[in-house]
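Single-letter residue listing:
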Amino acid sequence: ANRAAELDDQAALRRLYYYLVATVGLTIFTVGLVLLLTTILSLPSIQPDQLATDWYRGRVSVAATLIVVGYPIWLGHWSHQQRLTTDPAIARAERTALWRRIYLYAVLFATVLAVLVDAATALYQILLVALGETAPPSLLENVRTPLSVIAVTALVLLYHVRTLQGDVAAGAGDVTQVGPALAV
């Protein structure tokens, strides 16, 4: 019995490590994608003095660095945990693990919050232009960051929602009926 408890503790620590590092990698990767998309959306309003100071090149290099560093960190740790969910001997334990649920729900919470806040910000900027409070040429400049955040985090949200749905669906097939079936 002590050996089984020890193995469970080791598995929990492994999960904690892999999901924490996956969270850090996903955050770095997401920030890099948002920065890159924001930079691309700023091209129509870029000023010649910004090109002279390598503003554009600096932003692209920072975004590329974040993407190149964050993606392998997230993918390596996340795919390791995902492979474990396909092993029939431990799939159920992995899919229902506390740290996996915390990771998935934390990502869902953060992405939903980001989408809602940035959608409200973009809508506010659009209403300012519609009501004549802000000049229309600055609309893209004012909404490029919120739109970038919405686009990137919506994709992250969609992927993780599908993962969570897969976990729930896989768990639904494992449920055994405890009591008699009730006919309605």
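Residues numbered from 1 in each chain as written. Predicted model: local features only at pLDDT ≥ 70, side-chain atom pairs only at ≥ 80, totals over all residues. Heavy atoms only, no water.

1. What to know about the pattern of salt bridges
Where charged atoms from two side chains of opposite charge come close, those side chains can pair.
Here is step 1 of the chain: Tallying each qualifying case throughout the model produces 5 salt bridges.
Here is step 2 of the chain: Its salt-bridge partner being Glu 94, residue Arg 14 comes within 2.6 Å of it at the nearest N-O pair. With Arg 14 in helix α1 (residues 2-41) and Glu 94 in helix α4 (residues 91-95), the pair connects residues that are 80 residues apart, well separated along the chain.
Here is step 3 of the chain: For Arg 14, a relative accessible area of 23% translates into the label partly exposed.
Here is step 4 of the chain: For the salt bridge of Asp 54 with Arg 57, the shortest nitrogen-to-oxygen distance reads 3.8 Å.
Here is step 5 of the chain: Asp 54 sits in the partly exposed class, given a relative accessible area of 39%.
Here is step 6 of the chain: According to the relative accessible area criterion, Arg 57 is exposed, its value standing at 59%.
Here is step 7 of the chain: Linked by salt bridges that have partners in common, Arg 14, Arg 15 and Glu 94 make up one network. (Salt bridge = Lys/Arg side-chain N within 4 Å of Asp/Glu carboxyl O. Helix = DSSP H or I, 4+ residues; strand = E, 2+ residues; numbered from the N terminus. Buried < 20%, exposed > 50% of the residue type's maximum accessible area, 1.4 Å probe, protein only.)

2. Description of the layout of surface pockets
Here is step 1 of the chain: Empty space within the largest pocket amounts to approximately 190 Å³.
Here is step 2 of the chain: Every residue along the wall of the largest pocket is listed here: Thr 23, Leu 26, Thr 27, Thr 30, Val 31, Ala 106, Val 107, Ala 110, Thr 111, Ala 114, Thr 153 and Val 156.
Here is step 3 of the chain: Of all the secondary-structure elements, those providing two or more residues to the lining of the largest pocket are α1, α5 (98-130) and α6 (139-172).
Here is step 4 of the chain: Taken together, the residues that form the lining of the largest pocket break down as 7 nonpolar, 5 polar and no charged. (1 Å grid on protein atoms, 1.4 Å probe; cavity = no way out; pocket = protein on both sides within 12 Å on 5 of 7 lines; lining within 4 Å. Points joined across faces, edges and corners; volume = space filled by probe spheres on them. Nonpolar A, V, L, I, M, F, W, Y, C, P; charged D, E, K, R; others polar.)

3. Structural notes on the packing of helix α3 (residues 55-84) against α5
Here is step 1 of the chain: Interhelical geometry of α3 versus α5 gives an angle of 130 degrees and a closest axis separation of 12 Å. In terms of orientation, α3 lies oblique with respect to α5. At the point where α3 passes α5, the crossing takes the left-handed sense. Every residue of α5 that contacts α3 at Trp 74, Trp 78, Gln 81 and Gln 82 is listed here: Arg 100, Tyr 103 and Leu 104. (Axes fitted to C-alpha atoms, helices over the stretch in contact; angles between N-to-C directions. Parallel < 35°, antiparallel > 145°, perpendicular 65-115°, else oblique. Left-handed = near helix turned anticlockwise from the far one by under 90°. Contact = heavy atoms within 4.5 Å.)

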